[in-house]
Amino acid sequence: MTGAQHRPPRHAQPGPTPAAIGRRLVVVGGALLGVGALGLGVRELTVGDPVAAAAGRAGLPASGPPSPTPTAAPQASPARTPSHSAGPSVATARLVEAPLLADRIEDLMERRGGELGLEVVDLRRGEAFRVQTREAYCYSTIKVLILTTVLRQAQEAGEELTERQRSLANRMITRSDNAAAEALLADAGRDEVQRVATMVGMDHTEIDSGWWGLWRTHPRDLGRMVDTLLSRDQVLDGGGRASARFLMAGVVPAQRWGVFTAEQRAGFYVAGKNGWGPLPDGFRVNSTGWVSGEGSEYVLSILSRSNNGFAYGRETVGQVAGLCHDAVIAGLA
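The rules behind each value
- Residues numbered from 1 in each chain as written.
- Predicted model: local features only at pLDDT ≥ 70, side-chain atom pairs only at ≥ 80, totals over all residues.
- Heavy atoms only, no water.
- Helix = DSSP H or I, 4+ residues; strand = E, 2+ residues; numbered from the N terminus.
- Buried < 20%, exposed > 50% of the residue type's maximum accessible area, 1.4 Å probe, protein only.
- Contact = heavy atoms within 4.5 Å.
- Areas by Shrake-Rupley, 256 points an atom, 1.4 Å probe, with all protein chains shown as cover.
- Salt bridge = Lys/Arg side-chain N within 4 Å of Asp/Glu carboxyl O.
- Lys, Arg positive; Asp, Glu negative; His and termini not counted.
- Expected span 1.5 Å × (residues − 1).
- Axes fitted to C-alpha atoms, helices over the stretch in contact; angles between N-to-C directions.
- Parallel < 35°, antiparallel > 145°, perpendicular 65-115°, else oblique.
- Left-handed = near helix turned anticlockwise from the far one by under 90°.
- Nonpolar A, V, L, I, M, F, W, Y, C, P; charged D, E, K, R; others polar.
- Phe/Tyr/Trp six-rings, centres within 6.5 Å; stacked < 30°, edge-to-face > 60°.
- Arc of directions from axis to C-beta.

A. Spotlight on the overall build of the protein chain. Across its full length, the protein chain carries 8 helices and 10 strands. Put simply, the protein chain has 333 residues, and 57% of those count as buried. The contacts of the protein chain with a sequence gap of at least 6 include a subset with a gap of at least 24, amounting to 72%. Put simply, the protein chain shows about 12,900 Å² of open surface, and 51% of that area lies on carbon and sulfur atoms.

The following block contains the structure:
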């Protein structure tokens, strides 16, 4: 990647600060995930150099753009047990070439504009494909890490979540309630979130004293975050992982886009979390989660910037998720 990035002030009020974001790279080499090398081959997808700017916490909306309020409480699907406990994980999957998927994503982004980074990991085949970008803003996807931290703390103390914590966790994940996230983060502490992020292996995620929505991450780190909630006792025991997946499966209808696009195909189960928010250079629209069904299982994480607002960006992310779903079904290699 080319270009130098000048990070915006963490506590500035909204206002543009020039930054060279560089170019997206589709990694098609044979390097393992978690290794610094990007692989042998690179396809460049050209984008402009947008203006990046941070917004102060007080200047950001509490819950992103308005969306329809569901008429009934969300009904979560069963906390299905992942089936790959003896198989590959996000961290051990092998990067592969997926030229057809790369072409389709490139064509789509040329038509729709904006900026995109993603990682999809086929957990049955142990194969991964990335569209690589520089670090991007987490927005509400990071609420899964906050939940994981609270669950880990309770597990270490040999306790259950309190009724208050369970209520806050439900609101934070299923409705993306920012006030609930603030309360749980205050309970857990930022140092504890950093500790758990290190346990998870999120070594490209920055946790600082600023607003959590503007912490920065990579699709690879989001994938590891989701993978922690699957079949391994790396951070949480089985009960904690099932609790987190149950909440992520119960996201309200208005927020079931992005990785939830797989639900449009019969027989697929999704546990995910989306995030979104405005900045001067466009809307950030992110999605991460686990998809299982019909003999397939994968983790997908997308970080994007839309030039044309939230609804347009949400549609773009849904189309990208659909392309990734079809590619996993057919085989990434």
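B. Local environment of unusual backbone geometry. Even without being glycine, Y139 reaches a positive phi, approximately 50°. Tracing the sequence through the fold places Y139 in the loop between β6 (136-137) and α2 (143-157). Given the relative accessible area of 2%, Y139 is considered buried. Phi angles above zero are rare outside glycine, and S176 is one such case at about 55°. Mapped onto the elements, S176 comes out in the loop between α3 (163-174) and α4 (178-188). Residue S176 is classed as buried on the basis of its relative accessible area, which comes to 3%.

C. Expanded view of the pattern of salt bridges. Going through the model one piece at a time under the given rule, you end up with 15 salt bridges. Between R125 and D122 there is a salt bridge; the shortest N-O distance is 2.6 Å. Note on R125: relative accessible area 42%, which makes it partly exposed. For D122, a relative accessible area of 1% puts it in the buried group. In this structure, D187 engages R164 in a salt bridge whose closest nitrogen and oxygen atoms are separated by 2.6 Å. Taken together, the residues D187 in helix α4 and R164 in helix α3 connect sequence positions 23 residues apart. A single network of salt bridges, built from pairs that share partners, joins R152, E156, E192 and R195.

D. Region of the structure containing the side chain of R245. Topologically, R245 is positioned in helix α7 (residues 238-249). E297 is the oppositely charged side chain nearest to the buried, salt-bridge-free R245, at an N-O distance of 8.1 Å. Among residues more than four places away in sequence, those in contact with R245 are A79, R80, T81, P82, L229, L230, Y269, A271 and W290.

E. Layout of α3. The end-to-end C-alpha separation of α3 is 16 Å, in line with the 16 Å expected for 12 residues at 1.5 Å each. Burial in α3 covers these residues: Q165, L168, A169, M172, I173 and T174. For α3, the secondary structure elements touched by its buried residues are α2, α4, α7 and β8 (269-279). With its phi angle positive at about 55°, S176 sits one or two positions after the end of α3.

F. Molecular detail of the packing of helix α1 (residues 99-112) against helix α8 (residues 310-330). Viewed as axis vectors pointing N to C, α1 and α8 meet at an angle of 165°, and their least axial separation amounts to 10 Å. Comparing their axes, α8 and α1 come out roughly antiparallel. Crossing angle aside, the handedness with which α1 passes α8 is right-handed. Judged by residue contacts, L101, R104, I105, L108, M109, R111 and R112 of α1 engage Y312, E315, T316, Q319, V320, L323, C324 and A327 from α8. A class-by-class count of the residues in the contact of α1 with α8 yields 9 nonpolar, 2 polar and 4 charged.

G. Structural context of the packing of aromatic side chains. Per the counting criterion, the structure on display carries 7 aromatic pairs. Relative to W290, the ring of Y269 lies with its centre 5.4 Å away and its plane at 70°, an arrangement referred to as edge-to-face. Here the residue Y269 occupies a position in strand β8, and W290 occupies one in strand β9 (residues 282-293), the gap between them amounting to 21 residues. The same class applies to Y269 and to W290, which are both buried. Relative to F310, the ring of W276 lies with its centre 5.8 Å away and its plane at 35°, an arrangement referred to as tilted. Here the residue W276 occupies a position in strand β8, and F310 occupies one in helix α8, the gap between them amounting to 34 residues. Judged by its relative accessible area of 7%, W276 falls in the buried class. Classification of F310 as buried rests on a relative accessible area of 12%. A network of ring pairs unites the aromatic residues W257, W276, F283 and F310 as a single cluster.

H. Up close: the environment of L123. Take L123: it is sitting in the loop between β4 (115-122) and β5 (127-132). On the accessibility criterion, L123 (2% relative accessible area) is buried. Separated by 168 residues in the primary sequence, L123 and V291 place their C-alpha atoms 10.0 Å from one another.

I. Molecular detail of α1. Over its 14 residues, α1 runs 20 Å from end to end, which matches the ideal 20 Å to within 8%, given 1.5 Å per residue. Looking at α1, one finds that the buried residues are L101, A102, I105, E106, L108, M109 and R112. One side of α1 holds all its buried residues, which, seen down the axis, span an arc of 165°. In α1, the exposed positions angled more than 90 degrees off the buried face are occupied by L100, E110 and R111. Positioned one or two residues after α1, G113 has a phi angle of 80°, which is positive.

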